[in-house]
Amino acid sequence: MVGGNESSVTDFILVGLFPEFQHSIVLNLVIIFIYIFAFLGNILLIVLIWGDSQLHTPMYILLSQLSLIDLTLTSTIVPKMASNFFTGERTISWIGCGTQSFFFLMLGMSECLILTLMAYDRYVAVCNPLRYPIIMSPRVCMHMIFGCWIGGSVSSFIHTVYPMHFPICGSREIHHYFCEVPVLIKLSCEDTSLYQLVVVVTSIVLLVVPFSLITVSYTLIFLTVFRMNSVKGRKKTLATCSSHLTVVSLFFGPNIFIYMSFTSSHSAEQDQALSVFSNILTPMLNPLIYSLRNKEVVTALRKLMGKCVTS
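By the naming in an unreviewed UniProt entry, the chain is Olfactory receptor, taken from Nyctereutes procyonoides. Per UniProt, the chain carries the Subcellular location (unreviewed entry) text "Cell membrane". Looking at the Function (unreviewed entry) heading of the UniProt record, one finds this comment for the chain: "Putative odorant or sperm cell receptor."

Draft legend 1. Fine view of the nonpolar core. Among the nonpolar cores identified, the biggest contains 66 residues, and Leu-63, Leu-66, Ile-114, Leu-115, Met-118, Tyr-177 and Phe-252 are the most heavily contacted of them. By residue number, the principal contributor to this core is helix α3 (residues 94-127), which donates 13 residues. Setting aside anything within four residues of it in sequence, one finds Phe-252 in contact with Cys-112, Leu-115, Leu-206, Leu-207, Pro-210, Phe-211 and Ile-214. With 10 residues, the next largest nonpolar core counts Cys-97, Met-164, Ile-174 and Cys-179 among its residues.

Draft legend 2. Fine view of the state of the cysteines. In this structure the tally under the stated criterion is 1 disulfide. Here Cys-97 is linked by a disulfide to Cys-179, with a sulfur-sulfur distance of 2.1 Å. What sets the handedness of the Cys-97 and Cys-179 disulfide is the S-S torsion sign, and at about -120° it is left-handed. Taken together, the residues Cys-97 in helix α3 and Cys-179 in the loop between β3 (173-174) and α6 (181-187) connect sequence positions 82 residues apart.

Draft legend 3. The arrangement of the UniProt feature "transmembrane region" (unreviewed entry) in the chain in detail. As annotated in UniProt, the feature "transmembrane region" (unreviewed entry) corresponds to residues 25-48, 60-82, 102-120, 140-162, 194-226, 238-262 and 274-292 in the numbering used here. Here residues 140-162 is 100% helix and 0% strand, with 33 Å between the C-alpha atoms at its ends. Taken as a whole, residues 194-226 contains 97% helix and 0% strand, while its terminal C-alpha atoms sit 47 Å from one another.

Draft legend 4. A look at the packing of aromatic side chains. This structure, assessed with the given rule, holds 14 aromatic pairs. When the ring of Phe-104 is compared with that of Phe-178, the centres are 4.8 Å apart and the planes differ by 55°; the resulting orientation is tilted. Of this pair, Phe-104 sits in helix α3 while Phe-178 sits in the loop between β3 and α6, placing them 74 residues apart in sequence. No difference in accessibility class separates Phe-104 from Phe-178, as the two residues are buried. Between Phe-251 and Phe-252 the ring centres are 5.2 Å apart and the planes differ by 90°, which places this aromatic pair in the edge-to-face class. For the residue pair Phe-251 and Phe-252, the accessibility class agrees, reading buried in each case. One Lys or Arg, Arg-172, reaches over the ring of Phe-12 and ends 4.5 Å from the middle of that ring.

Draft legend 5. Looking closely at the side chain of Gln-272. With respect to the helices, strands and loops of the structure, Gln-272 is situated in helix α9 (residues 268-292). At a separation of 3.3 Å, a polar atom in the side chain of Gln-272 contacts the main-chain carbonyl oxygen of His-175. Excluding its chain neighbours within four sequence positions, the residues that come into contact with Gln-272 are Gly-16, Leu-17, Phe-18, His-175, His-176 and Tyr-177.

About the criteria used
Residues numbered from 1 in each chain as written. Predicted model: local features only at pLDDT ≥ 70, side-chain atom pairs only at ≥ 80, totals over all residues. Heavy atoms only, no water. UniProt positions renumbered as here; feature names shortened; annotations may be inferred. Core = buried A, V, L, I, M, F, W, Y, C linked by side-chain atoms within 4.5 Å. Buried < 20%, exposed > 50% of the residue type's maximum accessible area, 1.4 Å probe, protein only. Helix = DSSP H or I, 4+ residues; strand = E, 2+ residues; numbered from the N terminus. Contact = heavy atoms within 4.5 Å. Disulfide = S-S within 2.5 Å. Phe/Tyr/Trp six-rings, centres within 6.5 Å; stacked < 30°, edge-to-face > 60°. Lys NZ or Arg CZ within 6 Å of the ring centre and 35° of its normal. Polar contact = N/O pair within 3.5 Å; in protein donor to acceptor, adjacent residues only side chain to side chain.

Pasting the structure below:
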């Protein structure tokens, strides 16, 4: 075991990101660059939203929560991965593995629910605008956000504690760059088919159901938009909705593949590639997707830059 006598028998070994790849240094440096870009981009978006009173609306409050999730999610994964690679110390303690798995699941599940709320917010704004201030009042919006975090935390706690107690009889090598439920299940010498079925059912509730609700919401939105007389209003609505649909596709696509199929049906390389795309690359793209096609965010950025120049 890496680390010799200093490693505990309960420690896990993180093999890392594509360990057979010849240019692993370049790959890890690229991942770190993406992480820094994603971190700064999401921080900037949060500062813009909370610093500009014009953006204190349910849509942007939900967007700020998405950015908070993204920057925390990448920070849960990338620093440990980079530290392990450049120090050569690939071990992670049992508690560290469980903690990383808990935060990863909590943030991922919360993001599913936040994205669903964002679709619902747009549905009410477009299809029922007169009742929008009542249905999506600031108080209701904050209650919904609180519910997303609580729901993600409870579900994550259950799906972290249970698989962490599966017996491991052989190698404690995790063929991944962070601790995640599907790869932990593969280490167990116990029959985990029943629990894998539970994971699939949970994925239906937290992935398929939200994705279906989002699809229905945007179907109704598009039907309403195409009946609009105002060309300007139609373009503005389509720009906002297309940004959200892009983020939804980038998030739900890889995760549905990973969590809705049994772990034996796909390789470690497939899991890693999809995980990098969903958990590292997408958080970097989200601020760009939402800011470049959003006039309100661009205006807030110009105001902030103006203040900085004046100062």
